[in-house]
Amino acid sequence: MFIRMEKKELLDAITPALCAVSTKGTIPAFECLYFQADEKEGKVTVLAFDNSKGVKTTFSASVLAPGGLLLPGHKLASFIRSLPEGEVSISNDDKFLTTIS
C-alpha cells in the first residue's frame, strides 16, 4: 500500500474512528485502525472496531499502490499530529515495514 494525502484530511478521517479504538488491550487488533486503499476510486477507507461498536470513514487520497494496513490507532494519531502541515505519505513494503512521512 502507498497513499498520499493532506495531513488535515487524514486527521479528519482517523479522529472519528479513534472513538472505536479499544484502550483495554484485550485483543491487540482492537487497538488499531485498518486502512484499505482502493486505486480505482482514489479512496481510502479507515475502519475501527471494539467489542461493542465500529466506525468507518472514507477519504480521497492519491493511491499509488492499493492494499490494506493495520496500524496502532492512538500512536498513529499522535504521530500524525506532530507532523508539519502539508502532504503525508504512508507506505508499507512486502515485509509490512511501514513508512510515514
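The rules we used
- Residues numbered from 1 in each chain as written.
- Predicted model: local features only at pLDDT ≥ 70, side-chain atom pairs only at ≥ 80, totals over all residues.
- Heavy atoms only, no water.
- Salt bridge = Lys/Arg side-chain N within 4 Å of Asp/Glu carboxyl O.
- Helix = DSSP H or I, 4+ residues; strand = E, 2+ residues; numbered from the N terminus.
- Buried < 20%, exposed > 50% of the residue type's maximum accessible area, 1.4 Å probe, protein only.
- Arc of directions from axis to C-beta.
- Contact = heavy atoms within 4.5 Å.
- Core = buried A, V, L, I, M, F, W, Y, C linked by side-chain atoms within 4.5 Å.
- Pairing = 2+ DSSP bridges.
- Axes fitted to C-alpha atoms, helices over the stretch in contact; angles between N-to-C directions.

Draft legend 1. Looking closely at the pattern of salt bridges. Throughout the structure, instances matching the rule amount to four salt bridges. As a salt-bridge pair, R4 and E87 come within 4.0 Å of each other at their nearest N and O atoms. Placement of the pair is R4 in strand 1 (residues 2-6) and E87 in strand 7 (residues 87-92), with a sequence separation of 83 residues. You can call R4 partly exposed: its relative accessible area is 34%. Between D12 and K8 there is a salt bridge, and its shortest N-O distance comes to 2.8 Å. On the criterion of helical spacing, the pair formed by D12 and K8 is a turn pair, its members being four residues apart in helix 1 (residues 7-17). On the basis of relative accessible area, D12 is assigned to the partly exposed category, the value being 47%.

Draft legend 2. Local environment of helix 1. Those residues of helix 1 lying buried are K7, L10, L11, A13, I14 and A17. Taken around the axis of helix 1, the buried residues stretch over an arc of 165°, which confines them to a single face. Looking at the buried residues of helix 1, the elements they touch are strand 1, strand 2 (32-38), strand 3 (43-49), strand 4 (54-60), helix 2 (73-82) and strand 7.

Draft legend 3. Structural view of the nonpolar core. Counting residues in each nonpolar core, the largest one holds 29 residues, and the members touching the most others are L10, L33 and F35. Taken together, the elements giving at least two residues each to this core come down to strand 1, helix 1, strand 2, strand 3, strand 4, strand 6 (67-72), helix 2 and strand 7. When residues in this core are grouped by element, the largest group, five residues, is from helix 1. In this view, F35 contacts M1, L10, I14, V44, T45, V46, G67, G68, L69, L71 and L76; residues no more than four positions away in its chain are not counted.

Draft legend 4. Layout of the sheet that holds strand 5 (residues 62-65). Sheet architecture is open: four strands sit in the order 5-1-7-8, paired in antiparallel fashion. The outermost strands of the open sheet, each flanked by one partner alone, are strand 5 and strand 8 (98-100). Pairs of neighbouring strands in the sheet enclose a mean axial angle of 15°, with direction left out of account. Here strand 1 pairs with strand 5 via three bridges, running antiparallel. Its bridge partner being in strand 5, R4 is matched across the sheet by S62. Strands in contact with helix 1 are strand 1 and strand 7; relative to strand 1, the strand with the most contacts, it is inclined by about 100°.

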